[in-house]
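# Report on the structure
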Amino acid sequence: MRLFTAVHKDTELQYMRDYKPHREDVQHLRVLVHGPVGAGKSSFINSVNSVLRGKITGRPLAEANASESFTKKYKTYKIQKGQPGNFYHFVFNDTMGVEMEEDGGVHPEDIILAMKGHMRDGYRFKPGSKLSEDNQFYNAEPTLNDKVQVLVCVVPADKIPLLTDGCVKKIKDIREMASELEIPQLAIITKIDLACPQIQKDLKNVYLSKKLKETMEQFSQLVGIPMSYIFPVKNYDEEINIKDDVDSLILSALRQIIDFGEEFINDMET
Ligand SMILES: Nc1nc2c(ncn2[C@@H]2O[C@H](COP(=O)(O)OP(=O)(O)O)[C@@H](O)[C@H]2O)c(=O)[nH]1
Ligand SMILES: [Mg+2]
């Protein structure tokens, strides 16, 4: 895999703009993002927004410090395409972090309920507790537009060697539940700039870095996600301007997300 050229970038951007689910009854692909607190989940969604809009779009989602970076409400993020009111045909849902401790963080059952489309926007996550059927934010009759088509696990490269057994288990449990629902999954490794000095110096070294490769292999073995479904990313963090190398990695991950989602809805029986 290589970082791509400017021409390739334009082709990819056009692909994203043109993308529409082939099934008439599906308005958009729904992508659910989960992972530890402070992993860069919100930053990733912001970064996708920046890449597609061609400008740094501020940080409405990410928080400046990790202890605050607690997404408490379930919310669908749409990305504006051209004129206001026009959107890309994929949406993102952020979740409260999978916490390192046993009973902190998002309840794994909440992730399943979200995947099945039972969670309505505005639901407030509570550590260790789950959405109940009598809750006003429980959607008893989800349509395909409410259901999740792609599950993305976001993990920071610099913390992979430090993941606790509890956290690995939660990620694996969620992964297994998604597999049962046959929902395609991939992982995004963020903060690759912090994990390897070579990459920090120049993002183009991403596929040359032995250190990153080892980190990705370690993660792959820990949670059982194949290497080919793990995408290294540097989020827009302190940058003021759009950079091709940053875009390139984000677009590679996004392309896989869309292709997985499209495949999933096309394989469905009804
Ligand atoms: N250096 C670096 N920092 C990042 C990256 N992605 C996110 N961050 C920072 O990590 C912190 C947590 O990010 P956030 O998106 O809020 O994490 P979340 O809890 O998973 O939503 C923020 O201060 C981000 O600016 C990255 O790729 N590189
Ligand atoms: Mg967040």
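Just so we're clear, the structure is a prediction, and the values are computed from it rather than from any experiment. (Residues numbered from 1 in each chain as written. Chains lettered and ligands numbered in written order. Predicted model: local features only at pLDDT ≥ 70, side-chain atom pairs only at ≥ 80, totals over all residues. Heavy atoms only, no water.)

## Some thoughts on the nonpolar core
- Membership of the largest hydrophobic core comes to 59 residues, with the highest contact counts inside it found for Leu52, Phe90, Phe92, Val152, Ile188, Ile192 and Phe219.
- The contact partners of Phe219, leaving out residues within four places of it in the chain, are Cys153, Val155, Ile160, Leu163, Ala187, Ile189, Gly224, Ile225 and Ile230.
- Grouped together as the second largest cluster of nonpolar side chains are 22 residues, Ala114, Met115, Ile174 and Phe264 included. (Core = buried A, V, L, I, M, F, W, Y, C linked by side-chain atoms within 4.5 Å. Buried < 20%, exposed > 50% of the residue type's maximum accessible area, 1.4 Å probe, protein only. Contact = heavy atoms within 4.5 Å.)

## Observations regarding the pattern of salt bridges
- Going through the model one piece at a time under the given rule, you end up with nine salt bridges.
- Across the pair Lys169 and Asp173 runs a salt bridge, and its minimum N-O distance is 2.8 Å. You can see Lys169 and its partner Asp173 sitting in helix α4 (residues 165-180), four residues apart, about one turn around the helix.
- For the salt bridge of Asp259 with Arg255, the shortest nitrogen-to-oxygen distance reads 3.0 Å. Residue Asp259 and its partner Arg255 are located together in helix α8 (residues 244-267), separated by four residues, close to a single helical turn. (Salt bridge = Lys/Arg side-chain N within 4 Å of Asp/Glu carboxyl O. Helix = DSSP H or I, 4+ residues; strand = E, 2+ residues; numbered from the N terminus.)

## As for the packing of aromatic side chains
- The final tally for this structure, using the stated rule, is six aromatic pairs.
- Measuring from ring centre to ring centre gives 6.2 Å for Tyr74 and Phe125, while their planes differ by 80°; the resulting arrangement is edge-to-face. Taken together, the residues Tyr74 in the loop between α2 (41-53) and β2 (75-77) and Phe125 in the loop between α3 (108-115) and β4 (150-156) connect sequence positions 51 residues apart. Like Tyr74, the residue Phe125 is buried in the burial classification.
- Consider the rings of Phe90 and Phe92, whose centres lie 6.5 Å apart with planes at 85°: the pair is edge-to-face. (Phe/Tyr/Trp six-rings, centres within 6.5 Å; stacked < 30°, edge-to-face > 60°.)

## Some thoughts on the pairing of strand β3 (residues 90-94)
- Burial of β3 is extensive: five of the five residues sit out of reach of the surface.
- Pairing between strand β1 (residues 29-34) and β3: five bridges, direction parallel. Pairing of Val31 across the sheet is with Phe92, part of β3.
- Looking at chain direction, β2 and β3 are connected through three bridges and run antiparallel. (Pairing = 2+ DSSP bridges.)

## Some points on the environment of Asn266
- Structurally, Asn266 is set in helix α8.
- Under the relative-accessibility criterion, Asn266 is labelled partly exposed at 42%.
- With 245 residues separating them along the chain, Asn266 and Pro21 place their C-alpha atoms 8.8 Å apart.

## Notes on the side chain of Asn235
- Within the secondary structure layout, Asn235 lies in the loop between β6 (230-232) and α8.
- A polar contact of 3.3 Å, which involves the side chain of Asn235, links it to the backbone oxygen of Gly40.
- Residue contacts for Asn235: discarding those within four places in its chain leaves Gly40, Ser43, Phe44, Ser47 and Thr190. (Polar contact = N/O pair within 3.5 Å; in protein donor to acceptor, adjacent residues only side chain to side chain.)

## Some points on the environment of Ile257
- Here Ile257 shows up in helix α8.
- Separated by 167 residues in sequence, Ile257 and Phe90 have C-alpha atoms that sit 9.5 Å apart.
- For Ile257, the residues in contact, after removing those within four places along its chain, are Val31, Phe44, Val150, Val152, Leu186 and Ile188.

## Re the packing of α2 against α8
- Closest axis-to-axis distance for the α2/α8 pair is 10 Å, and the angle between their directions is 105°. Here α2 lies roughly perpendicular to α8, going by the angle between them. The segment α2 lies against α8, with Phe44, Ser47, Val48, Val51 and Leu52 engaging Asp247, Ile250, Leu251, Leu254 and Ile257.
- Among the residues forming the contact of α2 with α8, the class breakdown is eight nonpolar, one polar and one charged. (Axes fitted to C-alpha atoms, helices over the stretch in contact; angles between N-to-C directions. Parallel < 35°, antiparallel > 145°, perpendicular 65-115°, else oblique. Nonpolar A, V, L, I, M, F, W, Y, C, P; charged D, E, K, R; others polar.)

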